[in-house]
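# Observations on the three-dimensional arrangement
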Amino acid sequence: MGTERRREAAVGLYLTLLRCGAVRCGAGAAEGAGFGRVGTALRGVCVWSCALGVTQIKGAFGEEKSTDKTQLLRLNIHCFCRIYEEGKKSIPERPYLFEDDVEICFIDGSCKSPVERFWNGSSMLYVLQQAGHSEDSDPTGELGADDALHTSQLTPTEGTGPAALPVQRAKQLISLYTMAQNPNMTHLKISDLVVLPPLWIRCDGSDPEHTYWLGAEPLKAGNKITGISFHMVTCDGPTADKTSFVNLEELKTEHKVKHHSSVVTTKGFAQYELISAAAMDDTTLGSESNISIDITWHTVDKILQAPPLCSTATLNIMLESGDPRSPVYPLYRELQFLLALAEGLKTGVTEWPEPLETQTAFELVQEFLMDLKKKLDGCCVSGDKNETESIKSDTAAVDSSIKSIFSERGDLDFAEQLWCKMRSVCSYQELVECLTLVIKFLEHGEIQPWIHQGSSSLLSKLIQQSYHGKVEAVSLSGITPIQMLLEIGLDKMKKDYVSFFIGQELTTLTYLDYFISTSVDLQEQVHRVQKLHHMLEIMVSCTVLLQFKHENLFPLTQTCLKYYKENPLNEKQVFQLPIRPALVKKFYQNDHPEMWKVDITSGHGPKEVKTTWQVSADPPVEHMTSNNTGLFCDSTFNGSSEERMYFVAMAKCSQVHFT
C-alpha cells in the first residue's frame, strides 16, 4: 500500500509540475525532477498514442524518449474523441482500457445512466472506473518495449462489475478532462476543439466526505465551450436516526451562500413500492415483480414531506408471469404446455407435463367423444347445460376474486374442448392414441362437431371434411401429432385473450390483429401469444391489487400494445402510466418511501446550479455496494424496529467559467 501511495503522489506531483510548465513529459525531465520512472498511470498514454495513430513511442517513459506536455494532453483529447466517435457507431459491450489502472465506458441514451438519480443532463456520457485485471496482463504493471508498437486497436477489458478509483486519482483525471476542454489552452494547437460528452468517475469514498462520484460537464454557448460544471456525489449510511437528517432551511441557506443566490426553488420527489402495501400476503407477485409509484411536486416544505395530492405521479409496472399465487396462474400453466409443444416441434424433444388429473388424457377424450356420440344419437338431449358446466369446471380454474373480469368462455367449440381434455397428455404415445380415436370417430360419422369459423388448423380441416362424409388419411407420425395439438391450443388461447381485452373494452380486434395473425409461422404465433399473456397478467394484477377501473386500464393497455408490436417479449420491461396520486394514496400514505429527495435550484439556463439531498432504502451508488460486500445485507430495517434505515446522499455542483 505504501508503494501505491508513493506512486500516486509522484504522479500527482508530476502532473502538477507538468501543467505549470516546470517539467517536460519525458524520462530525462522526470528523473531530473527526482521522480525516476513516472509509473503506470502515464505509461498508459503511450499505448493509447499508438492505438490512435498519433505517434509511436518505443517503450515506456523510463526510456530516453520524450514528448512535451502539449503532446500528452493532446493524446488524452484524442483518447476521448476516439471513443466518442466509436461509440456513435456502436456502443461496446465492455469497457475500454484508458490507462493501465483506468477503463472507460461510453454510455448513450439506449443504456441506463448510472448517475440518473443525481443528474439528468446529456444522454451521452463517459464513465471512468478502476480497470479490471486481465489474466494475460503483466502482474508487475511493466510495459514492454514493443507493447506500444503493437497496440493497434482499443482493447475492451473484462471484469466482474464496476470498481471505483481512489478519490485523488479521480481528481487527477477530472483535471486532465478539464484542460482538454479549455479553449484557453492555445499551446495545444488544436484547430477544432471538440465538445466532449460529460465525464463521470466512480470514486471509492475514501475521502472524509465519502465521495462516490465526481463529474465534469462542459458549458456551451452555441458550439463554443464557455466553462465546466463540476459535480460531486457523497453518501453515508445506512441509518435509522432521522434526527441526524439535515434541515431543509439549512440546505437552502448553504446553497444560497455557495452560489451567491438570493432566490431558490425546491422540487420534491418520492418513490413508494405499492406491491407490498397492496398485496394481502406480503406479495401476490413474483420476487422479481414490482409495482411502484414516482411522485414529483414543487415547493417542498420540509424533509421527508408527504407528497401533496396535487403532485404529478407515474406508476411503474415491472411484472413477471408465473407466480403460483397469481390469479391467472392456471392460464399460465396452459401457456407453458403450449410452449413445450412449440419447443418440441422445433427441436424434436418435448417435455411432457406431470399428470395432474385422476383420469388420463385418453380417458377424458374417450368420455368426451362418447358423450357427443350419444348426443347425436338422440340420447341425453337435456344434457347441454350440464355439459357446459362440466366444460367450465374443467377449464376455468381462475381465482374467484377476478371472475368478474376474467372468466372462462362459454362458447368453446369442439377443438377447444378437445384441447382442454388433451392438455393433460403426458407422453407422445398417449397423444397419438387420443388423436387416432378422434379421427376414427370423425371417419365413421359418429360425431358431427361444430367449430368456429376462421380456424386453419389441420384438425379443423378434418372436421369440415367430415361434414361431407369423407376424411382424408393423416399419418400420425413424426411431428404431425404435436403440430395438430399445438394448432388447436393456439386457436383456443388466442380466443381467450381476445375475449378478455375486447370484453373489457380495452382495445378492438383491429389492434389485436398483429397478435392473433396466422400469416406467420407457428413459432412466431406462440411468441405473440406470450405477449398477450404478459399483458393480461398486468391488467389483472392492476385490477385486483390496485382496484384499477377502465379509465386507467385502457391507457395502460394501449401502452403495452404499442410496446409489444415493436419489441420482443420482455418481462423486465417497466411499463409506465401517469395517474392521480389520490387513486393509490391508500396504498402508500402510511408507508415509508423507498426514496425521497429534494432538489434546490437557482439560476437559469446554462448558469443553473442544483443541490440534491436524498435518502433511499437501497445504496444509491452501485459500486458502493460492491466495495462493501455484506455491509448492507438485511439493513433496510433496524432489527425488530419498524424504523426504515436509509442511505443519505448529497449531490452538489459548481461552475468554472473560462471567459
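In case you missed it, the structure is sitting above this.
Description of the structure in this document. Being a predicted model, the structure only gives us computed values, none of them experimental.

It is worth spelling out the pairing of strand 5 (residues 211-221) at this point. With nine of eleven residues buried, strand 5 lies mostly within the body of the structure. Direction of pairing for strand 4 (residues 199-202) relative to strand 5: antiparallel, over a ladder of four bridges. Looking at the pairing, W200 lines up with G215 of strand 5. By the bridge criterion, ten bridges tie strand 5 to strand 6 (residues 224-239) in an arrangement that is antiparallel. Paired with T211 across the bridge in strand 6 is T234.

Our focus in this paragraph is the packing of helix 8 (residues 329-347) against helix 16 (residues 522-546). Between helix 8 and helix 16, the least distance of the axes is 10 Å, while the angle of their chain directions is 165°. Between helix 8 and helix 16, the interaxial angle falls into the category roughly antiparallel. As for the relative orientation of helix 8 and helix 16, their crossing is left-handed in sense. On helix 16, the residues that touch L331, Y332, L335, L338, L339, A342, L345 and K346 of helix 8 are L522, Q523, V526, V529, Q530, H533, L536 and E537. Classifying every residue of the contact of helix 8 with helix 16 gives eleven nonpolar, three polar and two charged.

Before going further, it helps to spend a moment on unusual backbone geometry. Of the consecutive residues G237 and P238, the connecting peptide bond is found in the cis state with omega at 5°. Mapping P238 onto the fold places it in strand 6. Positive phi, close to 65°, is recorded for L304, a residue that is not glycine. Among the secondary structure elements, L304 is positioned in the loop between strand 8 (290-298) and strand 9 (312-318). Judged by relative accessible area, L304 falls into the partly exposed class, the value being 25%. Phi is positive for Q547, close to 55°, though the residue is something other than glycine. Along the chain, the position of Q547 falls in the loop between helix 16 and helix 17 (550-566).

The next point concerns the side chain of S455. Residue placement: S455 occurs in the loop between helix 12 (428-443) and helix 13 (458-466). A polar contact of 3.4 Å, which involves the side chain of S455, links it to the side chain of S457. Polar side-chain contacts of S455 include one of 2.7 Å to the side chain of D491. The contact partners of S455, leaving out residues within four places of it in the chain, are S460 and D491.

The turn joining strand 5 and strand 6, which pair antiparallel and follow one another in sequence, is formed by two residues; a positive phi near 70° is taken by G222. Where strand 6 meets strand 13 (residues 646-657), eleven bridges bridge the pair, whose relative direction is antiparallel. Its bridge partner being in strand 13, T234 is matched across the sheet by M650.

Reading guide: rules and limits
Residues numbered from 1 in each chain as written. Predicted model: local features only at pLDDT ≥ 70, side-chain atom pairs only at ≥ 80, totals over all residues. Heavy atoms only, no water. Buried < 20%, exposed > 50% of the residue type's maximum accessible area, 1.4 Å probe, protein only. Helix = DSSP H or I, 4+ residues; strand = E, 2+ residues; numbered from the N terminus. Pairing = 2+ DSSP bridges. Axes fitted to C-alpha atoms, helices over the stretch in contact; angles between N-to-C directions. Parallel < 35°, antiparallel > 145°, perpendicular 65-115°, else oblique. Left-handed = near helix turned anticlockwise from the far one by under 90°. Contact = heavy atoms within 4.5 Å. Nonpolar A, V, L, I, M, F, W, Y, C, P; charged D, E, K, R; others polar. Polar contact = N/O pair within 3.5 Å; in protein donor to acceptor, adjacent residues only side chain to side chain.

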